[in-house]
Every structure is written in C-alpha cells, then in structure tokens.
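Descriptive analysis of the structure
Each chain is listed here by its residues.
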Amino acid sequence: MRGKIAIVLILVSLTSVTGFIDAKSYDKQAIGVTQSWFFNTSTYIYSSPTLFDIDNDNQLEILIGADSNHLYCLNSDGSLRWYVEIVICSYDGLIYCLDKEGTLLWSYATNDWIWSTPLIIDINVDGEKEIIVGSSDFKLYCLSAEGQNIWTYSSWGSFFTSPTACDINNDKNLEILIANDDKIFCFNEEGKKIWTYNTLMISKSSPAIADLDNDSNIEIIIGNDNKKLLCLNSQGTLLWSYVTNGRVKTSPAIIDIDNDNIVDILFGSFDNKIYCLSNTGSLKWVYTTSDDIFSSPAVFDLDSDSYFETIIGSNDGYLYCLDSQGNLVWNYKTKGEIGSSPSIADINNDGIAEIVFGSNDGKIYCLTLTGITQSGLGQWYSFRGSRFHTGWLDSDSDYVDDFTESTYYLTDPHTPNLNFIPPTNNPSLLFSNNGIFVLIPIFVVVSCFAHIRRKRKRIN
C-alpha cells in the first residue's frame, strides 16, 4: 500500500497483448509491471489462485478455478500441468477431494451451492485434520480428512463466508468464526454455539483476525451488505464500525503498512473505493476506482524498501497497486472485471515477486515487476492473508501465517511445531503422510456438480 516518501509522477506507457500499464515514480525508483504470461480459460474467473510447490521440485504451481467448471493446475511458466472438468448435473453442492495429480478421491454432498473456502485444521486436537465448510443449505459442516461427517450445525441463513479459527478465550481450545445471512457465529470444536452477533444483513466478507491494540486479546474484522466494516471483540461485542457508501464483500487485510508499529486495516467496497483504517476504525486514506470492488487485497513489499504496497482488483478491469500512503504506484488493465484476489510470490526464483490473478476476460495473468532489482517480504500476500487462507497475518513472512504456526502443535496449542507442514486452501491443500490432496469447494467453479472427469495432464 502507499509509500511514505514524496512521489514524483513519471508516466510510463507500456502495451502488451492483453493490457496496458501506468507506472509512477516511487521511493526514488519507478516500480512498474509487465505481463509475464497469461493462460486463457475462455470464461469468467472469480477464484483466487493458490501458489504452492505441490511436487517438491522447488517451483511453485498455480491452482485456480474458473466458471468453465474446471480446476486448473499451471506450472510456474504458465503452461498447463493438468485440469479437471466438473460436470453440472443437479443443484446439490459437493466438496471434492483430489490428489495432487487431479484424480478424484472422494466427494461429499451438501444440499446447495458452496461458496465458502474450507478451513482445514485439527480442530479437536486429536492428531487428525478436520474440514470446516459452510453451505448455502444453511448448514456448517465438519468433515474428517476422509470426507465423513463429524458434526453439522443448522442455522436460518446461508453460509457464504469462509471460516477461520483461533483460541478466542485463551483456554487452549480452538473456536470457529464464520458469518451467514445475518449473524456472525462463534462455535466450539464440537460445533456448539458460543455466541452470535446480529449483523441484520448478509455477510459475504470473510473474517480477519488480529490483536489490534496489543492487549493479548483478539479482535474480529468483517464486512457486510449493510455498508459497514465491523470490529468485534472476543466475546462478540461490537467495538466499532466504519460506514461506507457501498456493500463490503471483500475480506480485509490487517497489517502495519507504514512501519509505525500499529496495524492498519485495508478493504474494498461497492462504492468503488479502497480504504485504509487505523486500528481504532478511523480513516487514514481512501483511493477511488471507477467501479465496485469485490477483490480482496494482497499486501507485499514489492521493492524491498520496508514499506508495503497494496494490490487489489476492481470491477473496472484494473489491478491497482497503491503505496503505503494510498497513492497510485501502477495499474494494469484487463478486458474484464477483476473479482479474483491476487496472490504474490517469487514463483520463478529470481528474487523478484510475481503477481498472479484471474479476470473475467477469461485469462489467468502473471505479472512481473520492472524497475527494481529485488522484492522484499510479504505478510498478507494472498486471499485472507497467506496461502493457508486463515484470515491471519504472516508476521515473519515465512509463508506460514501466525495462526497456522501457533496451532500445529504436539501437546500445547501455544507451542508451535514448525517442522509440521500444515494444509492450505482456496482450493484447499490437505497434507497427510500419503501425500497432498486438493479440496475443491463449490465456489471455485460457481456451479453444482455430480462427478468429475479427468481431462488432460501434462507434467514438464
């Protein structure tokens, strides 16, 4: 997000096959972007990419879904590794589990569409992973790693948002946080309701978690269709709200973008604006695009100057990069709305970060940075923070967020077992002793499916 040093505007015009870039002088050097590659899916892409080395070859692969009912796995150079086709058959929503080569292992049926990204975690501290996912059938599900139902909670509203978890009351047990049509819920590990907060409106923003005021108690930040960003304490009491002029569907990023040792809150709204709030909910800056914002922000130190940039898409077809003060660094134009949230990592091991995202022009884009020699660290570098999509900060920038580090443990939830490799999602990756498995929530393909047919695989 926005640099602290005065900005000299130097417009650089570049054109590529699919877009054009405006680059501006920033922190004594001009950061720009150019297209590294694109992959054409020929259909809308709302899914956010997951970047992970699924085969331990020291190269990141890209997993992303599209409205063509395909889940794609791409190599780091944009070539197709494999894809699976999911065939529409009924209005029953299913979760699919694939192995790392795209072969179906199991599926689990709910009774309606699933837009929620699964949370994969050992929620009951029994040494086995569980899958927590909400459905539009008004139910929250807890499944075993083999796809068997452990428990179900029935509500009076659709669960559009993605769950997160934390030890909300410092009792060394994990709780689950998720929102539905009109409430924010906190559940224990057995699916028993601890508290609810009535939002009065639909929530499609997924919660982010942080200790905003360094008092050792967590806060919950979430947007809703009542044009508000809400901040709750660990007991479910409203601390503050910030009112915009449009629905807030993006999931907020929580990170200290300007090195003042106080975290900031970044999010987009359907009033066309990108907001940065202080930890107490006051406005620090706002940047206006020309259309609604559904994409969630990613935050990264792109040029290794210790200040963070914010990268976020807009329905006006642009991907925007803002410095730590909310000034435009560059933007990249596609030919479709950008609802996909970007993922940022050095996927080709050259020391400079790449930015991967989808557009409703049917393309998956990979952008590379220009005008710099090295990228810095990322603490909120993809949808909901890290490749594990928990809604937590990765404060040490090691690609394992703080929640995942602190909850994958041997006996004590507050003693991390950093030698353990945890799961990731959106699409979700489930690690076990037998390999890596890919969980496909229904929202990735925005349809309802009955079975999967393997279409093509290519391994370079």
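Every value quoted in this text rests on a predicted model; they were computed, and no experiment measured them.

The rules behind each value
- Residue numbers here run from 1 along each chain, matching the order of that chain's written sequence.
- At least 70 in pLDDT is required for a residue's local features to be given in this predicted model, at least 80 for side-chain atom pairs to be given and counted, and no such filter applies to totals for whole chains, interfaces and linings, which use all residues.
- Excluded from the side-chain calculation are hydrogens and water; included are all heavy atoms of the structure.
- Classification of ring pairs uses Phe, Tyr and Trp, with its six-membered ring standing for Trp, and accepts pairs whose centres are within 6.5 Å; under 30 degrees between planes counts as stacked, over 60 as edge-to-face, and the remaining range as tilted.
- Helix numbering and strand numbering both begin at the N terminus, where a helix is a DSSP run of H or I of at least 4 residues and a strand a DSSP run of E of at least 2.
- A 1.4 Å probe rolled over the protein chains alone gives each residue an accessible area, and that area as a share of the maximum for its type sets the label: buried under 20%, exposed over 50%, partly exposed in between.
- Definition used: whenever NZ (Lys) or CZ (Arg) falls within 6 Å of the ring centre and also within 35 degrees of the ring normal, the charge is taken to sit over that ring.
- Whenever Lys or Arg places a side-chain nitrogen within 4 Å of a carboxyl oxygen from Asp or Glu, that contact is recorded as a salt bridge.
- Two N or O atoms form a polar contact when they lie within 3.5 Å of each other; inside protein one atom must be a possible hydrogen donor and the other a possible acceptor, and for residues adjacent in sequence the pair counts only when both atoms belong to side chains.
- Strands are treated as partners if at least two bridges between them are detected by DSSP.
- Note on definitions: angles span 0 to 180 degrees between N-to-C directions of axes, and those axes are lines fitted to C-alpha atoms, for helices only across the stretch in contact.
- Two cysteine sulfur atoms form a disulfide, by the criterion used here, when they sit within 2.5 Å.
- Residue-level confidence of the predictor, termed pLDDT, takes values from 0 up to 100.
- Two residues form a contact once any of their heavy atoms are found within 4.5 Å.
- Side-chain atoms within 4.5 Å are what join buried Ala, Val, Leu, Ile, Met, Phe, Trp, Tyr and Cys residues into a set we call a nonpolar core.

Focus: the packing of aromatic side chains
- One pass over the full model with this rule turns up 15 aromatic pairs.
- Relative to Tyr365, the ring of Phe38 lies with its centre 6.5 Å away and its plane at 45 degrees, an arrangement referred to as tilted. One end of the pair, Phe38, is in strand S3 (residues 29-40); the other, Tyr365, is in strand S32 (residues 363-370), and 327 residues separate them in sequence.
- Where Tyr153 meets Phe185, the ring centres are 5.7 Å apart and the plane angle is 65 degrees; that geometry is what we call edge-to-face. One end of the pair, Tyr153, is in strand S13 (residues 149-154); the other, Phe185, is in strand S16 (residues 183-187), and 32 residues separate them in sequence.
- Residue classification places Phe185 among the buried positions, given a relative accessible area of 3%.
- A connected cluster of aromatic rings, assembled from ring pairs, spans Phe38, Tyr332, Phe357 and Tyr365.
- The residue whose ring lies beneath Lys333 is Tyr318, and the NZ or CZ to ring-centre distance is 5.5 Å.
- Positioned above the aromatic ring of Phe38, the side-chain terminus of Lys363 is 5.3 Å from the ring centre.

With respect to the pattern of salt bridges
- Scanning all chains against the criterion turns up five salt bridges.
- Between Asp182 and Lys183 there is a salt bridge; the shortest N-O distance is 3.7 Å.
- Owing to a relative accessible area of 27%, Lys183 belongs among the partly exposed residues under this scheme.
- Lys284 is the salt-bridge partner of Asp260, the closest N and O atoms lying 3.7 Å from each other. In this pair, Asp260 is assigned in the loop between strand S22 (253-255) and strand S23 (264-268) and Lys284 in strand S25 (residues 283-288), connecting sequence segments 24 residues apart.
- On the basis of relative accessibility, which here comes to 31%, the residue Asp260 falls in the partly exposed class.
- Overlapping salt bridges, with partners in common, bring together Asp258, Asp260, Asp264 and Lys284 in one network.

Quick word on the side chain of Ser79
- Here Ser79 lies in the loop between strand S6 (70-74) and strand S7 (80-88).
- Only 2.6 Å separates the side chain of Ser79 from the side chain of Asp77, close enough to count as a polar contact.

Brief notes about the sheet that holds strand S24 (residues 273-277)
- The sheet built from four strands is open, its strands ordered S22-S23-S24-S25 with antiparallel pairing. In this open sheet, the two edge strands, each paired with only one partner strand, are S22 and S25. On average, each strand axis in the sheet is tilted by 15 degrees relative to the strand beside it, whichever way the strands run.
- Taken together, the four bridges between S23 and S24 define a ladder with antiparallel strand orientation. From the neighbouring strand, Leu266 faces S24, where its bridge partner is Cys276.

Thoughts on the state of the cysteines
- Applying the stated criterion to the full structure yields zero disulfides.
- Not part of a disulfide, Cys166 finds its nearest cysteine sulfur in Cys186, a span of 6.9 Å.
- Under the relative-accessibility criterion, Cys166 is labelled buried at 1%.

Quick word on the confidence of the model for the chain
- Confidence in the prediction for the chain averages 78 pLDDT; 80% of positions are at 70 or higher.
- Here residues 1-28 is a poorly scored stretch, pLDDT under 50, and it has 101 contacts once near neighbours within four places are set aside; other chains count.
- Overall, residues 86-92 carries pLDDT values under 50, and its contacts beyond four positions in sequence, including any with other chains, amount to 30 contacts.

Focus on the pairing of strand S17 (residues 193-198)
- Looking at chain direction, S16 and S17 are connected through five bridges and run antiparallel. Across the sheet, residue Cys186 finds its bridge partner in S17, namely Trp195.
- Between S16 and the antiparallel strand that follows it, S17, lie five residues; Gly191 among them carries a positive phi value of about 80 degrees.

Regarding the nonpolar core
- Of all hydrophobic cores here, the largest spans 33 residues; its most connected members are Leu212, Trp240 and Ile254.
- Going through the elements one at a time, strand S18 (208-210), strand S20 (228-232), strand S21 (238-243), S22, S23, S24, S25 and strand S28 (318-322) are the ones with two or more residues in this core.
- Contacts of Trp240, omitting those with residues within four sequence positions, involve Leu212, Ile221, Leu229, Leu230, Cys231, Ile265, Leu277, Ser278, Asn279, Thr280 and Gly281.
- By size, the runner-up hydrophobic cluster in this structure holds 31 residues, among which are Phe159, Leu174, Ile184 and Tyr197.

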